[in-house]
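Architecture and fold: a report
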Amino acid sequence: MIIKPIVKGVVARNAHPTGCKQAIINQINYVKAEKPIVNGAKKVLILGASSGFGLASRISLAFGGASADTIGVSFERGPSEKGIGTAGWYNNIFFREEAEKQGLIAKNFVGDAFSPQTREQVIDYIKSEFGGKLDLVIYSLATGVRPDPVTGELWRSSIKTIGEPVTGPTINIETDTMEQMTVGTATDEEIDATEKVMGGDDWASWIEILSEADVLDKGCKTLAYSYIGAKSTYPIYHQGTLGRAKTHLHATGDMLNNKLAKIGGTAHVSVCKALVTKASVYIPAFSPYILALYKVMKEKGLHEGCIEQMQRLFAQRVYGDKSAIPVDNQRLIRIDDWELDAGVQSEVDKLIAKIAPDNFALVGDYQGYKTDFMQLNGFELPGVDYQARVDFDSLCQLQP
Ligand code: NAD
Ligand code: NA
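Where an unreviewed UniProt entry is consulted, the protein chain appears under the name Enoyl-[acyl-carrier-protein] reductase [NADH], with the organism given as Shewanella canadensis. Of the comments in the UniProt record for the protein chain, the one headed Function (unreviewed entry) reads "Involved in the final reduction of the elongation cycle of fatty acid synthesis (FAS II). Catalyzes the reduction of a carbon-carbon double bond in an enoyl moiety that is covalently linked to an acyl carrier protein (ACP)." Recorded under Pathway (unreviewed entry), the UniProt text for the protein chain is reproduced unchanged: "Lipid metabolism; fatty acid biosynthesis."

Below you can see the structure in the form of structure tokens.
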């Protein structure tokens, strides 16, 4: 069959396996050519490994100098009568194939990271086949729901403001249009639920259970990813429900750092740049900011994608010759430093003021935004023959 992209609103309904493979290879080639990670981790568990920052972390640690063996946990769907499956499904498979060619271990667990069964399987695997110890645990889940570990009831996150509602334009990728929408204010219950889903609780429980199982090596590090962003986005993000959840994540980082001190380890949160991912295109009224940011950062030669961010994070902040990881006064790693550069932000503010439904593709970098989105799903990658037939039965043979 020939696979054409199907997009509904801001959600991709299919993926192109050949393009996903090309995207993995492009990222591998990028990190191989960059400043390498020195004294990096060798045994890594990545929760949320199949796309976005988690996948970029995995590629960077395996191919960007550390030659790490990795375990990746993700929630993805393979091919079935329902369709071709998700991009992350293929990313897992093609990453593993490339890593194995280099003699690296790349084990994939496709399942619910919140479930006790997944934790058990991962721990069994670490003990029986992965050498028994981890020296880095990355927490990069992005999801809208999490079951309460006690009752099994689902918490659902809400992307809302706290205080005043905000009205602003949002991109519809399916129709290439910009539509006004209002982001409503969250109730206390919605604020709490969002904190449960996207805050630090689950990160803490993973570290707890890994520590009890005695699979964290001396000096083991753990990292989670956060976003703060520029003042212009505070009402929607930093001061909204997601920002509240991230504040909880930051506090969890401090708590875990104290805990891991007993084994000479550390816990950090890295604040990353705003980028187009499966998760971020969902945030209402946020797209004008990304359009403006991409435009300005590309003009200034400062633009980075997930892979550039993660290679810089590991090579220049987390590992290397420094005696301690450089952090700000809240103990956060700031790999969003180029985004928040004052010169960048003053240009971004000027563009945002101009962006409107009839000019957003000219004023902002909509082309870059859309191409990133399509490429996340394996489409529009240079060099891929999209007219070539893809054999569904052979896709079904591929195993994580
Ligand atoms: P993403 O959607 O690309 O990746 C999310 C990952 O989580 C995928 O691997 C997915 O399979 C996995 N996942 C989701 N639910 C799961 C479950 N129940 N069990 C197992 N795996 C599950 O998202 P992303 O943008 O890379 O986000 C990762 C982190 O980075 C988040 O904490 C996010 O807030 C943060 N971050 C994102 C941005 C941005 O602009 N995208 C900026 C800064 C920080
Ligand atoms: Na991720």
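Glancing now at the coordination of the sodium ion (ligand 2). The protein atoms that coordinate the sodium ion (ligand 2) are Gly48 (O), Ser51 (O), Gly54 (N), Ser140 (O) and Ser140 (OG), at distances of 2.7 to 3.1 Å. Mapping the donors of the sodium ion (ligand 2) onto the primary sequence yields the spacing G-x2-S-x2-G-x85-S. For Ser51, a relative accessible area of 31% translates into the label partly exposed. For Gly54, a relative accessible area of 0% puts it in the buried group.

On to the site of ligand 1, then. For ligand 1, the set of nearby residues contains 30 residues, the closest of which are Ser50, Ser51, Ala113, Lys246 and Thr277. Contact between ligand 1 and Phe75: an oxygen atom at 3.1 Å from a main-chain N or O atom of the residue. A distance of 2.8 Å separates a nitrogen atom of ligand 1 from a polar backbone atom of Ala113. A total of 840 Å² of accessible area belongs to ligand 1 in isolation, and the protein chains cover 93% of it. Here the residues of the shell around ligand 1 sort into 14 nonpolar, 11 polar and five charged.

Attention now goes to the UniProt feature "active site" (unreviewed entry) in the protein chain. The residues that UniProt annotates with the feature "active site" (unreviewed entry) are Tyr237. A relative accessible area of 6% places Tyr237 in the buried class. The contacts of Tyr237, once residues within four sequence positions are left out, are Tyr227, Ile228, Leu242, Gly243, Lys246, Ile283 and Phe286.

Turning our attention to the UniProt feature "binding site: substrate" (unreviewed entry) in the protein chain. As recorded in UniProt, the feature "binding site: substrate" (unreviewed entry) lies at Tyr227. With respect to the helices, strands and loops of the structure, Tyr227 is situated in the loop between strand 11 (216–226) and helix 7 (241–260). Beyond its immediate chain neighbours, meaning those up to four positions away, Tyr227 contacts Tyr237, Lys246, Val271, Cys272, Lys273, Ala274, Phe286, Tyr289 and Glu339. A polar contact of 2.7 Å, which involves the side chain of Tyr227, links it to the side chain of Glu339.

Right, let's get into the side chain of Arg312. Mapped onto the fold, Arg312 is located in helix 9 (residues 306–318). Given the relative accessible area of 7%, Arg312 is considered buried. Once residues lying within four places of it in the same chain are set aside, the contact partners of Arg312 are Glu304, Arg317, Ile335, Asp337 and Trp338.

Residue placement: Arg119 occurs in helix 4 (residues 116–129). For Arg119 and Ile283, which are 164 residues apart along the polypeptide, the C-alpha to C-alpha distance reads 29 Å. Apart from the residues within four sequence positions on either side, Arg119 is in contact with Ala113, Phe114, Asp202, Ser205, Trp206 and Ile209. One polar contact links Arg119 to Ser205, side chain to side chain, over a distance of 2.8 Å.

Conventions adopted
Residues numbered from 1 in each chain as written. Chains lettered and ligands numbered in written order. Predicted model: local features only at pLDDT ≥ 70, side-chain atom pairs only at ≥ 80, totals over all residues. Heavy atoms only, no water. UniProt positions renumbered as here; feature names shortened; annotations may be inferred. Donors = N, O, S within 2.8 Å, 3.2 Å for Na, K, Ca; no water. Buried < 20%, exposed > 50% of the residue type's maximum accessible area, 1.4 Å probe, protein only. Near = heavy atom within 4 Å. Polar contact = N/O pair within 3.5 Å; in protein donor to acceptor, adjacent residues only side chain to side chain. Areas by Shrake-Rupley, 256 points an atom, 1.4 Å probe, with all protein chains shown as cover. Nonpolar A, V, L, I, M, F, W, Y, C, P; charged D, E, K, R; others polar. Contact = heavy atoms within 4.5 Å. Helix = DSSP H or I, 4+ residues; strand = E, 2+ residues; numbered from the N terminus.

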